Structure formats: structure tokens, C-alpha cells
Amino acid sequence: MRRFGEPVEPGRTYRTRPGAYAVIRAGAKVLITEQAVPRREFQLPGGGIDPGESPLPALHRECLEETGWRIRVLRRLGAFQRYTYMPEYDLWARKICHVYLARPVLRLGDPHEPGHRALWMPVAAAAALLANPGDRHFVARS
């Protein structure tokens, strides 16, 4: 599986954290999230897959929480891994990121997740803002 981002630090223990993320397209625009805490960062909507949860239900749950949108998943785009520190969990993680192409279906309101804001923008602008290179890769290829 392709790795993006920082190299693995020898001797550091990483916990594997699977997650599901969406490139949500509407014409020439893509929906991304701005997360304010613990630091300002632009991301693809999505997040961790809870124990006992499958990737697609996790993706629907996370997209609704972070964007306020219900989505329709069209297909899986691929997966990547990245090694990173997650300050909100005080955890060094090997994130396994499953990425899907989706379309917006229904806006139910504002994001439920505190500190998140949903933003529609042109694909190239979104790709330039996204915090991690794996997200940028999949947005650029969508």
C-alpha cells in the first residue's frame, strides 16, 4: 500500500487506525472540511472506523458529522497509509485511509462535529489546501 507523508520513525510504536474518507464531487467542485481544533487544518470528510463498524457506514456517519451532508458513494478510489501523531488522542498512528468517490445527496444542516466547517471549492483549490499529501493525491485524481 502506498505511503504518503512523514517517514516511519524507527523505534516508535504506532497504533493502526483504519479510516474511511470521501472525495465528494458536485460538478467541478469538491466538499472539504476545515477543522479548527487542535490546529486549523483542511481535510477530506471522513474519519476513523469504530470497532465492529464497516468502512461504508463509518464514511456515512463521519461525512454527516463533519459536513452536514448525506452522500451517495459511487466507488472506491483506493487506499493509502500515513504515519502521524494525532494530538486529539495523544497517539502515534499508522492511519490506513480508504478513499471513496461520492456525490452529495441532501444537506441536513451544519456539521455536528464541533470545530468543523464544510467548504465547497474548485478541485484545484481544494487540492492545494488539503493538509496531507494522500488527500491531495486522491482529490487531484478524482
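Before reading on, note that the structure itself is shown above.
In what follows, the accompanying structure is described. These numbers were taken from a predicted model, which means no experiment stands behind them. (Residues numbered from 1 in each chain as written. Predicted model: local features only at pLDDT ≥ 70, side-chain atom pairs only at ≥ 80, totals over all residues. Heavy atoms only, no water.)

1. So, the nonpolar core
So, step 1. Membership of the largest hydrophobic core comes to 19 residues, with the highest contact counts inside it found for Val 23, Val 30, Ile 32, Leu 44, Phe 80, Val 99 and Val 139.
So, step 2. Listed by contribution, the elements that provide at least two residues to this core are strand E1 (15-26), strand E2 (29-35), strand E6 (91-107), strand E7 (116-122), helix H2 (123-129) and helix H3 (133-141).
So, step 3. With residues near it in sequence (within four places) discarded, Val 99 still touches Tyr 21, Val 23, Leu 44, Arg 76, Leu 77, Gly 78, Phe 80 and Phe 138.
So, step 4. Ile 49, Ala 58, Trp 69 and Ala 102 belong to the second-largest nonpolar core, a separate cluster that totals 12 residues. (Core = buried A, V, L, I, M, F, W, Y, C linked by side-chain atoms within 4.5 Å. Buried < 20%, exposed > 50% of the residue type's maximum accessible area, 1.4 Å probe, protein only. Helix = DSSP H or I, 4+ residues; strand = E, 2+ residues; numbered from the N terminus. Contact = heavy atoms within 4.5 Å.)

2. Brief notes about the pattern of salt bridges
So, step 1. Evaluation of the coordinates by the stated rule reveals 9 salt bridges.
So, step 2. In this structure, Glu 9 and Arg 12 form a salt bridge, with 3.0 Å as the shortest nitrogen-oxygen distance.
So, step 3. Given a relative accessible area of 33%, Glu 9 falls into the partly exposed group.
So, step 4. What makes Arg 12 partly exposed here is its relative accessible area of 33%.
So, step 5. Glu 34 serves as the salt-bridge partner of Arg 117, at 2.5 Å between the closest nitrogen and oxygen. One end of the pair, Arg 117, is in strand E7; the other, Glu 34, is in strand E2, and 83 residues separate them in sequence.
So, step 6. Of the residues examined, Arg 117 reaches a relative accessible area of 44% and is grouped as partly exposed. (Salt bridge = Lys/Arg side-chain N within 4 Å of Asp/Glu carboxyl O.)

3. Looking at the packing of aromatic side chains
So, step 1. A complete count under the given rule lists 6 aromatic pairs for this structure.
So, step 2. Arranged with centres 5.4 Å apart and planes meeting at 90 degrees, the rings of Phe 4 and Phe 80 form a pair that is edge-to-face. Of the two residues, Phe 4 sits in the segment before E1 while Phe 80 sits in strand E5 (residues 69-86), which places them 76 residues apart along the sequence. Here Phe 4 and Phe 80 have matching classes, each one buried. (Phe/Tyr/Trp six-rings, centres within 6.5 Å; stacked < 30°, edge-to-face > 60°.)

4. Quick notes on the pairing of E1
So, step 1. Strand direction decides the pairing type here: E1 and E6, joined by 10 bridges, are parallel. Residue pairing across strands places Ala 20 opposite His 98, the latter belonging to E6.
So, step 2. Inspection of the sheet shows E1 paired to strand E4 (residues 46-48) by 3 bridges, in the antiparallel sense. Residue pairing across strands places Gly 19 opposite Gly 48, the latter belonging to E4.
So, step 3. As defined by bridge partners, E1 adjoins E2 across 3 bridges and the pair is classed as antiparallel. Paired with Arg 25 across the bridge in E2 is Val 30. (Pairing = 2+ DSSP bridges.)

Such coordinate-based values are descriptive only and should not be taken to indicate function.
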